[in-house]
Amino acid sequence: MAYVSGFLLAVPKDNKQAYKEMAEQAWKIFQDYGCLSMQENWEDDVPDGKVTSFPMAVKREEGEAVVFSWMTWPDKETAQNGFQKMMEDPRMEGMSQMPFDGMRMMWGGFEPLVTLEA
């Protein structure tokens, strides 16, 4: 059964290109460890909330944008093994300078419940 790794984070707007380049570099590594697809989405219409919202969740600061992304895997085991191997991969060392505050990044693994496509 397919598996999804989801991510939510805040990225300084000035770092948009650096984030894009980092994601493109990382994709090559993720793909080597079984990732089927990766989707990186830059804030376009993300309103502030009164009780909860994407901006509140990542503690978005002035000059930052919310990034919502996900990766699909063949199954949970491949995802877990892939992340472990990626942390040991020397190519990841070149990406130690992240263009965002990793302390405000959240992530999780998800089992697809409903998939609808046109």
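In case you missed it, the structure is sitting above this.
The following paragraphs examine the structure supplied in this document. (Residues numbered from 1 in each chain as written. Predicted model: local features only at pLDDT ≥ 70, side-chain atom pairs only at ≥ 80, totals over all residues. Heavy atoms only, no water.)

Some words on helix α1 (residues 16-32)
One turn of the α-helix equals 3.6 residues, which is why residues spaced by three or four share an orientation.
Part 1 of the reasoning: When the terminal C-alpha atoms of α1 are compared, their 25 Å separation across 17 residues agrees well with the 24 Å that a helix rising 1.5 Å per residue should span.
Part 2 of the reasoning: In this structure, the buried residues of α1 make contact with β1 (3-12), β2 (37-42), β3 (64-73) and α3 (76-88).
Part 3 of the reasoning: Looking one or two residues beyond α1, the residue adopting positive phi is Gly34, at roughly 105 degrees. (Helix = DSSP H or I, 4+ residues; strand = E, 2+ residues; numbered from the N terminus. Expected span 1.5 Å × (residues − 1). Contact = heavy atoms within 4.5 Å.)

Topic: unusual backbone geometry
Part 1 of the reasoning: At Lys59, a position not held by glycine, the phi torsion is positive, near 55 degrees.
Part 2 of the reasoning: Summarising the element assignment, Lys59 is placed in the loop between α2 (54-57) and β3.
Part 3 of the reasoning: According to the relative accessible area criterion, Lys59 is exposed, its value standing at 61%. (Buried < 20%, exposed > 50% of the residue type's maximum accessible area, 1.4 Å probe, protein only.)

Some remarks on the sheet that holds β2
To summarise the sheet geometry, strands pair through backbone hydrogen bonds and adopt either a parallel or an antiparallel arrangement.
Part 1 of the reasoning: Across the sheet, four strands lie side by side as β2-β3-β1-β4; this open sheet has antiparallel pairing. Strand pairing shows two members of the sheet lacking a second neighbour, β2 and β4 (106-110), which therefore form its edges. With direction set aside, neighbouring strand axes in the sheet form an average angle of 15 degrees.
Part 2 of the reasoning: As paired elements, β1 and β4 share five bridges and run antiparallel to each other. Its bridge partner being in β4, Ser5 is matched across the sheet by Gly109.
Part 3 of the reasoning: Packed on one face of the sheet, α1 meets β1, β2 and β3 and runs near 170 degrees to β2.
Part 4 of the reasoning: Lying on the sheet, α3 is in contact with β1 and β3; it crosses β3 at an angle near 120 degrees. (Pairing = 2+ DSSP bridges. Axes fitted to C-alpha atoms, helices over the stretch in contact; angles between N-to-C directions.)

Topic: the pattern of salt bridges
Part 1 of the reasoning: In the structure shown here, the tally under the stated rule is six salt bridges.
Part 2 of the reasoning: Of the charged contacts, one joins Asp32 and Arg91 as a salt bridge, the two residues approaching to 2.7 Å between their closest N and O atoms. Taken together, the residues Asp32 in helix α1 and Arg91 in the loop between α3 and β4 connect sequence positions 59 residues apart.
Part 3 of the reasoning: Take Arg91: its relative accessible area is 38%, and that puts it in the partly exposed class.
Part 4 of the reasoning: Between Glu64 and Arg104 there is a salt bridge whose closest N-O contact spans 2.6 Å. Taken as a pair, Glu64 in strand β3 and Arg104 in the loop between α3 and β4 lie far apart in primary sequence, 40 residues in all.
Part 5 of the reasoning: By sharing partners, the salt bridges in this structure join Asp32, Asp89 and Arg91 into a single network. (Salt bridge = Lys/Arg side-chain N within 4 Å of Asp/Glu carboxyl O.)

Note that all results are geometric; they support no functional claim without further evidence.
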